[in-house]
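These are the residues of each chain, in order.
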Amino acid sequence: MIFLTECSRIALAGITVRNSPAWNIHPVLSDHVDALRLRIEGPKNLHNTDGMDPESCSFVRILGCEFSVGDDCIAIKSGKLTIDKALRPAIHDVLVAHCLMHDGHEAVVLGSEAAGGIKDLTVRDCDFRKIDRGLRVKTRRGRGKDAVNEGILFTNIRMEHVLTPFVVNAFYFCDRDGKTDYVQSRDPLSVDERTPGFGPLEFRDIAATNCAAAAGYITGLPERKISELVFSDVRISFDPDAEPSVPAMASGVEPMVRQGITAQNVERLVFHDVDIEGQEGDELQLDNGYRRRRDRLRLRHHRAARVLVPVRGAGALCLPLCDGWPFLHADPYARCLHRRHGRRHHRLHHLGRAAARLEVVHDRSARCGLLLCLLLRVLQVPYGEAHHDRCTGRF
């Protein structure tokens, strides 16, 4: 309805845009764009009625706006690979704050038309209600080597009745070739000029209640993995009456209900004080690539952090939290708590059977702590304590 191209210092303030047949507001190749206290409304069942889609713009502020549309409330874009490179520069320096988004398909989306890249984006202090997917990053093969996200931060966001709060999808099936083998193959393909990339993404201070499908659904490309995902101070709970639904738009993704975070093809996965409640099964579900040492998947532990780590099988494992260690599977109910100065303190709780408490002093004793934890589990020692003395080497 409102299309702006090659404009500078634009301010849209206090207006209502209603029932657009396509994208509502679409600034392109513009700079210093302000959207202030806008109200964007559209039918809930009408596709391609995005609220605001800044494309290849710079210094964009979307502040205090309300969105209720049938598709993406806000979609950050930078063109397709087939467009001349001069006409699809990276979109950069974008701030979305103090916005309400409800009854839409997605709240804030990065891509998928982002061949120029997305740099320095912050989304903060927003509320999402009755949205299919809250924070969504989508791309696909064919977007190009410049389609990289850098400096992305989502912080202080509240979600309610969202199907899936976090989606990072490298197999989005848009365009005519979206469901071809080239786009949808889960096997590693050769990296070329058409292969997109993923920079670090940080999700901080986010609460999502009454979720339905999954806490998160993350799939990177096997040939070019997501470099880093950081989840810090995140709380997720599920609707006990939720119905199965599809968490992400990609071929082969089945409906699910009340699942944890599914992650595949991520080089580094960091959790700091993350709590998932009411899920069915493991809080963290890792697919194929994580069993390979070359993926260098690590769970970093911070002071006063709680890391929820799933286990395979009946045994419970205590996870040593040294940065250089490869990832290990641990029990669904395992809790690694509290890093303290001069020592590491690990607690292990196994609900329903034996439980043990283990204190490990000094970083170099982490390997001994793991072996002791395995021994206690095999012997089913209830509520025992063991201490390792650095000088004597004995427990």
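Residues numbered from 1 in each chain as written. Predicted model: local features only at pLDDT ≥ 70, side-chain atom pairs only at ≥ 80, totals over all residues. Heavy atoms only, no water.

1. A closer look at the environment of M52
- Mapped onto the secondary structure, M52 falls in the loop between strand 6 (39-41) and strand 7 (58-63).
- Once the C-alpha coordinates of M52 and I40 are considered, the two residues, twelve residues apart in sequence, prove to be 8.4 Å apart.
- Discounting residues that sit within four places of it in the chain, M52 has contacts with I25, P27, V33, A35, I62, F67, C73, I74 and A75. (Helix = DSSP H or I, 4+ residues; strand = E, 2+ residues; numbered from the N terminus. Contact = heavy atoms within 4.5 Å.)

2. Looking at the nonpolar core
- One finds I62, F67, M101, F128, L135 and F231 to be the most contacted residues of the largest nonpolar core, which totals 77 residues.
- The residues contacting M101, other than those within four sequence positions of it, are F67, C73, I74, V96, A107, V108, D127, F128, R129 and I131. (Core = buried A, V, L, I, M, F, W, Y, C linked by side-chain atoms within 4.5 Å. Buried < 20%, exposed > 50% of the residue type's maximum accessible area, 1.4 Å probe, protein only.)

3. Structural notes on the packing of aromatic side chains
- Applying the stated rule across the entire model yields six aromatic pairs.
- Seen from their ring centres, F166 and F231 are 5.3 Å apart, and the 80° between their planes marks the pair as edge-to-face. Note that F166 is positioned in strand 16 (residues 164-169) and F231 in strand 19 (residues 229-238), a separation of 65 residues in sequence. Accessibility classification places F166 together with F231 in one group, the buried group.
- Taken together, a centroid distance of 4.9 Å and an interplanar angle of 10° make the contact between F203 and F231 stacked. Highlighted residues: F203 in strand 17 (residues 201-211) and F231 in strand 19, separated in sequence by 28 residues. Each member of the pair, F203 as well as F231, is classed as buried.
- Taken together, the ring pairs connect F154, F166, F203, F231 and F271 into an aromatic cluster.
- Against the face of F173 rests K179, its NZ or CZ located 4.8 Å from the ring centre.
- Cation over ring: R186 sits above F171, and NZ or CZ is 4.1 Å from the ring centre. (Phe/Tyr/Trp six-rings, centres within 6.5 Å; stacked < 30°, edge-to-face > 60°. Lys NZ or Arg CZ within 6 Å of the ring centre and 35° of its normal.)

4. So, the confidence of the model for the protein
- For the protein, the mean per-residue pLDDT works out to 78, and 73% of the residues sit at or above 70.
- Note on residues 289-367: pLDDT is under 50 here. Beyond four places in sequence and across chains, it has 203 contacts.
- Under a pLDDT of 50 for its full length, residues 381-395 has, in the predicted model, 31 contacts with residues more than four places off or in other chains. (pLDDT = per-residue confidence, 0-100.)

5. Examining the pairing of strand 15 (residues 149-160)
- Relative to strand 15, strand 13 (residues 118-129) runs parallel, the two sharing ten bridges. What sits directly across from C126, in strand 15, is I157.
- Bridge analysis of strand 15 against strand 17 gives eight bridges, and the strand direction is parallel. Residue pairing for strand 17: T155 is matched across the bridge by R204. (Pairing = 2+ DSSP bridges.)

6. Quick look at the pairing of strand 20 (residues 259-264)
- Across the six residues of strand 20, six count as buried, placing the element largely inside the fold.
- In this sheet, strand 20 lies alongside strand 18 (residues 214-219) in parallel orientation, the contact comprising five bridges. Counted as the bridge partner of A214 is Q259 from strand 20.
- Here three bridges tie strand 20 to strand 22 (residues 284-286), and the two strands are oriented parallel to one another. Considered in strand 22, the bridge of I261 is made with L284.

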